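Architecture at a glance
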Amino acid sequence: MAFAGLKKQINKANQYVTEKMGGAEGTKLDLDFMDMERKTDVTVELVEELQTKTKEFLQPNPTARAKMAAVKGISKLSGQAKSNTYPQPEGLLADCMLLYGKKLGEDSIFAQALIEMGESLKQMADVKYSLDDNIKQNFLEPLHHLQTKDLKEVMHHRKKLQGRRLDYDCKRRRQAKEEFSGYVTEKMGGAEGTKLDLDFMDMERKTDVTVELVEELQTKTKEFLQPNPTARAKMAAVKGISKLSGQAKSNTYPQPEGLLADCMLLYGKKLGEDSIFAQALIEMGESLKQMADVKYSLDDNIKQNFLEPLHHLQTKDLKEVMHHRKKLQGRRLDYDCKRRRQAKGSHITDDEIRSAEEKFAESLHLAQMGMFNLLENDVEQVSQLVTFSEGLLDYHQQCTEVLKCLVETLQAK
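Rules behind the numbers
Residues numbered from 1 in each chain as written. Predicted model: local features only at pLDDT ≥ 70, side-chain atom pairs only at ≥ 80, totals over all residues. Heavy atoms only, no water. Helix = DSSP H or I, 4+ residues; strand = E, 2+ residues; numbered from the N terminus. Contact = heavy atoms within 4.5 Å. Areas by Shrake-Rupley, 256 points an atom, 1.4 Å probe, with all protein chains shown as cover. Expected span 1.5 Å × (residues − 1). Salt bridge = Lys/Arg side-chain N within 4 Å of Asp/Glu carboxyl O. Buried < 20%, exposed > 50% of the residue type's maximum accessible area, 1.4 Å probe, protein only. Axes fitted to C-alpha atoms, helices over the stretch in contact; angles between N-to-C directions. Parallel < 35°, antiparallel > 145°, perpendicular 65-115°, else oblique. Left-handed = near helix turned anticlockwise from the far one by under 90°. Core = buried A, V, L, I, M, F, W, Y, C linked by side-chain atoms within 4.5 Å. Domains from an automatic or database assignment. Phe/Tyr/Trp six-rings, centres within 6.5 Å; stacked < 30°, edge-to-face > 60°. pLDDT = per-residue confidence, 0-100. Lys, Arg positive; Asp, Glu negative; His and termini not counted. Polar contact = N/O pair within 3.5 Å; in protein donor to acceptor, adjacent residues only side chain to side chain. Nonpolar A, V, L, I, M, F, W, Y, C, P; charged D, E, K, R; others polar.

1. Notes on the overall build of the protein
Check the secondary structure of the protein and you find 12 helices and zero strands. Listing every helix and strand of the protein by position from the N terminus yields α-α-α-α-α-α-α-α-α-α-α-α. Long-range contacts, defined as pairs at least 24 residues apart, comprise 79% of the intrachain contacts of the protein with a sequence gap of at least 6. Accessible area for the protein stands at about 25,600 Å²; split by element, carbon and sulfur atoms hold 55% of it.

2. Focus: helix α4 (residues 89-104)
The terminal C-alpha atoms of α4, which comprises 16 residues, lie 23 Å apart, in line with the 22 Å expected from a rise of 1.5 Å per residue. A positive backbone phi angle near 100 degrees is found at G105, which sits one or two residues after α4.

3. A look at the environment of G285
Secondary-structure assignment places G285 in helix α10 (residues 276-343). It is 5.3 Å that separates the C-alpha atoms of G285 and L265, two residues lying 20 residues apart in sequence. Look past the residues within four positions of G285 in its chain and what remains in contact with it is A261, M264 and L265.

4. A word on the pattern of salt bridges
With the rule as written, the count across this model stands at 12 salt bridges. Across the pair D334 and K338 runs a salt bridge, and its minimum N-O distance is 3.5 Å. Within this pair, D334 and its partner K338 are both found in helix α10, separated by four residues, close to a single helical turn. D334 gets classed as buried once you look at its relative accessible area, which sits at 8%. One salt-bridge network, held together by shared partners, links D35, R38, K39 and D107.

5. Observations concerning the packing of α10 against helix α11 (residues 350-375)
As a packed pair, α10 and α11 sit with axes 8 Å apart at the nearest point and diverge in direction by 155 degrees. Put simply, α10 runs roughly antiparallel to α11. Crossing hand, α10 versus α11: left-handed.

6. Some details on the nonpolar core
Core analysis: the biggest nonpolar cluster contains 36 residues, and M97, M117, L121, F306, L385 and F388 have the highest contact counts within it. Put simply, the parts of the chain that give this core at least two residues each are α4, α5 (109-173), α9 (256-271), α10 and α12 (378-412). For this core, the leading source of residues is α10, giving nine residues. Two domains each donate at least three residues to this core, and these are domain 1 (8-61 + 85-176) and domain 2 (254-412). Core analysis: the second largest hydrophobic core is formed by 12 residues, L328, Y335, I348 and A367 among them.

7. Quick word on α9
Over its 16 residues, α9 runs 23 Å from end to end, which matches the ideal 22 Å to within 8%, given 1.5 Å per residue. Of all the residues in α9, the buried ones are P256, E257, G258, L260, A261, C263, M264, L265, Y267, G268 and L271. Positive phi appears at G272, one or two residues downstream of α9, with a value of about 100 degrees.

8. Some remarks on the packing of aromatic side chains
Applying the stated criterion to the full structure yields two aromatic pairs. Plain terms: the ring middles of F306 and F388 are 4.6 Å apart, the flat faces sit at 45 degrees to each other, and that makes the pair tilted. Of this pair, F306 sits in helix α10 while F388 sits in helix α12, and the two are 82 residues apart along the sequence. For the pair F306 and F388, one class covers both residues: buried. Judged by centre distance (5.7 Å) and plane angle (15 degrees), the rings of Y335 and F360 are stacked. Pair noted here: Y335 is in helix α10 and F360 is in helix α11, with a separation of 25 residues, a long-range link. Residue classification places F360 among the buried residues on the basis of a relative accessible area of 7%.

9. A word on the confidence of the model for the protein
For the protein, the average pLDDT comes to 78, and 71% of its residues sit at 70 or higher. By mean pLDDT, helix α6 (residues 179-189) is the weakest element of the protein at 53, and α12 is the strongest at 93. Contacts of residues 175-179 to residues separated by more than four positions or lying in other chains number nine contacts, the stretch itself having pLDDT below 50.

10. With respect to the environment of V407
Mapped onto the elements of the fold, V407 is located in helix α12. Residues V407 and M284, spaced 123 residues apart in sequence, show a C-alpha to C-alpha distance of 8.9 Å.

11. Thoughts on the side chain of D378
Counting through the fold element by element, D378 comes out in helix α12. Look at D378: it is buried, it has no salt bridge, and the nearest opposite charge is K39 at 8.0 Å. Excluding its chain neighbours within four sequence positions, the residues that come into contact with D378 are S108, I109 and F110.

12. A look at the environment of P89
Relative to the helices and strands, P89 resides in helix α4. With 33 residues separating them in the primary sequence, P89 and K122 have C-alpha atoms 9.9 Å apart.

13. A short note on the side chain of S275
Summarising the element assignment, S275 is placed in the loop between α9 and α10. A polar side-chain atom of S275 sits 3.1 Å from the main-chain amide nitrogen of A278.

14. Section: the packing of α9 against α10
One way to put it is that α9 packs onto α10 with a least axis distance of 7 Å and a crossing angle of 155 degrees. Classified by the angle between their axes, α9 and α10 sit roughly antiparallel to one another. Considering how the two elements wind past one another, α9 and α10 form a crossing that is left-handed. Contact residues: α9 offers E257, G258, L260, A261, D262, M264, L265, G268, K269 and L271, while α10 offers F277, A278, L281, I282, M284, G285, E286, L288, K289, M291, A292 and K295. Residue composition of the contact of α9 with α10, grouped by class: 13 nonpolar, three polar and six charged.

Have a look at this one:
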């Protein structure tokens, strides 16, 4: 940097410190401009937050779940009952929209649209909480009861049967005195054990499948209600490795509906088509697969028509406006510094003052026009919210149709 440029930067810094620490008064900007600056700052925050919360809404990452478990554990140890609710992604996105809608002010159409959509998402979050309570009470709790009572009792009797059969076979062969020896003889020595009838063996197989099913179904249902996409980090890692290796590798986010569907289809097929429960699992699994496909369409829609325009707004329009504002700040400090130094008797000519003033005025105009155009562009942002809302509506309507058919099919069974 040339000496003149360095000196200029030092003078600007000196002016800035003088204003902040010494109470020197800088050139005042009109109230409308200051209000546009405030709204522009809010818009910068909004675009950043809106992208983050929208991505979390599409692919939730509830580290909150681990936090909830920790809080619950601490509450138990301390003897204090502390209410702790899972933060629904709809609610987090709603809070973001409501916060920045209010910050922008009700005179902005975009702000009004944000508040309207935020209120709607809040209602959707409440509906999701009702769904969570319903499924936990009427699906997960009966499954847990089945696992800890009926299945536990059946497995106890089977274990006892295994021991007694080994003892019986062991005594018949007049070999080892311990049950374990009989078991090892069968497994390692090829000795033939007492045969059980085919119907019993089929029930054993189905019981084993049911034990796995209940465990898997609880896990996948909890992930469906409160998704935990560590898969997202894995996807990012795979994408990074693919870029480095120069290979384009397709990597799709595993929708929780799809994971729960895979679980139901797998164990439905394992149980066999002669079981009504198995048939019902397969029917519901197929329906959840359709819902996962609809969710992928929603993801693509929102990424293309909401997130990408927001990203463009952030990296183009807002970046340009912030550049002009930064330049304006520098030129204002330079102009004020030269005026102050001239007033103190320094060798600053009128031409230098005039030149600094002209540059300051130019930057003022560019920053003002940039912010004005940005804030007047409400219609485009509102249209993006409309697209987002329409995408959500279409997603829920398609899911409703799929679920209506499923309920009718299951009721007919």
